[in-house]
Amino acid sequence: SSFGVSGTNAHCEVWARALHGPNNSMRLMRPALEMLDQVIVTCPITFAPIDYLTGEPAPAQGRTGPHGEKVRVRADVLREEMASYDVSSYAYNGGYRYRREALDETFGLLEESAVPHICGSWSGWQEMEEMVAQEDGAYSFVFRLGETRAESFFVTLNGDTSMRLYPGSLGVCD
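From a predicted model like this one, the values you see are computed outputs, not experimental measurements.

Another point: the overall build of the protein. Regarding its fold elements, the protein presents one helix and 10 strands. For the protein, the N- to C-terminal ordering of α and β elements is α-β-β-β-β-β-β-β-β-β-β. Taken across its 174 residues, the protein has 17% of its residues classed as buried. Look at the contacts in the protein between residues 6 or more apart in sequence, and 38% of them connect residues 24 or more apart. Counting only carbon and sulfur atoms, one obtains 55% of the accessible surface of the protein, whose full area is about 14,000 Å².

Let us now look at the packing of aromatic side chains. One pair of aromatic rings is described through two measures. These are the centre distance and the angle between the planes. Per the stated rule, a full pass over the model turns up five aromatic pairs. Relative to Phe154, the ring of Trp125 has its centre 5.8 Å away and its plane inclined at 5 degrees; by these criteria the two rings are stacked. In this pair, Trp125 is assigned in the loop between strand S5 (116-120) and strand S6 (129-130) and Phe154 in strand S9 (residues 153-157), connecting sequence segments 29 residues apart. According to the relative accessible area criterion, Trp125 is partly exposed, its value standing at 40%. The class of Phe154 is buried, set by a relative accessible area of 6%. A centroid spacing of 6.3 Å and a plane angle of 25 degrees characterise the contact between Phe141 and Phe143, whose relative ring orientation is stacked. Among the aromatic residues, ring-to-ring pairing joins Trp122, Phe141 and Phe143 into one connected group. Stacked on the ring of Tyr92, the Lys or Arg Arg79 has its end atom at 4.2 Å from the ring centre. A cation over an aromatic ring shows up here: Arg164 above the ring of Phe154, its NZ or CZ 4.5 Å from the ring centre.

With that settled, the discussion passes to the pattern of salt bridges. In this structure the tally under the stated criterion is two salt bridges. Glu56 serves as the salt-bridge partner of Arg99, at 2.8 Å between the closest nitrogen and oxygen. Placement of Arg99 in strand S4 (residues 96-99) and of Glu56 in the loop between strand S2 (49-51) and strand S3 (77-79) is noted, with a sequence separation of 43 residues between them. Residue class for Glu56 comes out buried when judged on its relative accessible area of 11%.

With that out of the way, let us pick up the environment of Phe141. Note on placement: Phe141 falls in the loop between strand S8 (139-140) and S9. Taking the relative accessible area as the measure of exposure, Phe141 reaches 23% and is therefore partly exposed. Linking Phe141 and His117, residues 24 residues apart in sequence, is a C-alpha distance of 9.0 Å.

Turning our eyes to something else, we now look at the side chain of Asp51. Relative to the assigned elements, Asp51 resides in strand S2. The buried category is assigned to Asp51, whose relative accessible area is 6%. Here the side chain of Asp51 touches Leu53 through a polar contact of 3.1 Å, landing on its backbone nitrogen. Within the structure, Asp51 has its side chain in polar contact with the backbone nitrogen of Thr54 (distance 3.0 Å). With near-sequence residues (within four places) excluded, Asp51 lies in contact with Gln38, Val39, Glu56, Ala58 and Val73.

Sheet architecture is open: four strands sit in the order S6-S5-S9-S10, paired in antiparallel fashion. Strands with a single pairing partner mark the edges of an open sheet, and in this sheet they are S6 and strand S10 (160-165). Where S9 and S10 come together, two bridges link them in antiparallel fashion. Bridging across to S10, Leu157 finds its partner in Asp160.

The rules behind each value
- Residues numbered from 1 in each chain as written.
- Predicted model: local features only at pLDDT ≥ 70, side-chain atom pairs only at ≥ 80, totals over all residues.
- Heavy atoms only, no water.
- Helix = DSSP H or I, 4+ residues; strand = E, 2+ residues; numbered from the N terminus.
- Buried < 20%, exposed > 50% of the residue type's maximum accessible area, 1.4 Å probe, protein only.
- Contact = heavy atoms within 4.5 Å.
- Areas by Shrake-Rupley, 256 points an atom, 1.4 Å probe, with all protein chains shown as cover.
- Phe/Tyr/Trp six-rings, centres within 6.5 Å; stacked < 30°, edge-to-face > 60°.
- Lys NZ or Arg CZ within 6 Å of the ring centre and 35° of its normal.
- Salt bridge = Lys/Arg side-chain N within 4 Å of Asp/Glu carboxyl O.
- Polar contact = N/O pair within 3.5 Å; in protein donor to acceptor, adjacent residues only side chain to side chain.
- Pairing = 2+ DSSP bridges.

The values are spatial; any link to function lies outside them.
The structure is reproduced here in structure tokens:
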């Protein structure tokens, strides 16, 4: 009973990881860790899958060797001292102390035939309007705000509604 002399109470729970014996917790984890090829997390800036250790973009189907076998991913980049690896290499602005392969510089650039279109509440969601290319590679579109002074929209490539891009949350404004 937890009641002691003179009505005092006491309760204690001790939690610990078993390192030896039949309840060894690592015994159950070791085979699972050996089966992992790569641990993937989502970059908070690009929202793309990245390797948790290197920040490099993660391939959708994993990496394969010359004969189609699965290849375990190895760290092959080293960012500047004290640099964070929790963002994609495409969003990282610092330098590298070591990098085995150069980063694809064309990432994020649209093909010349790809034209972004925008559709929004200002047109009653009826018109896919072409966005205007800027000198710096960005695209823009100008519209007049309605009486509510708030509009919703989505962006597509070549007007293909299966490839919609929405703002991150409702009520987003700069």
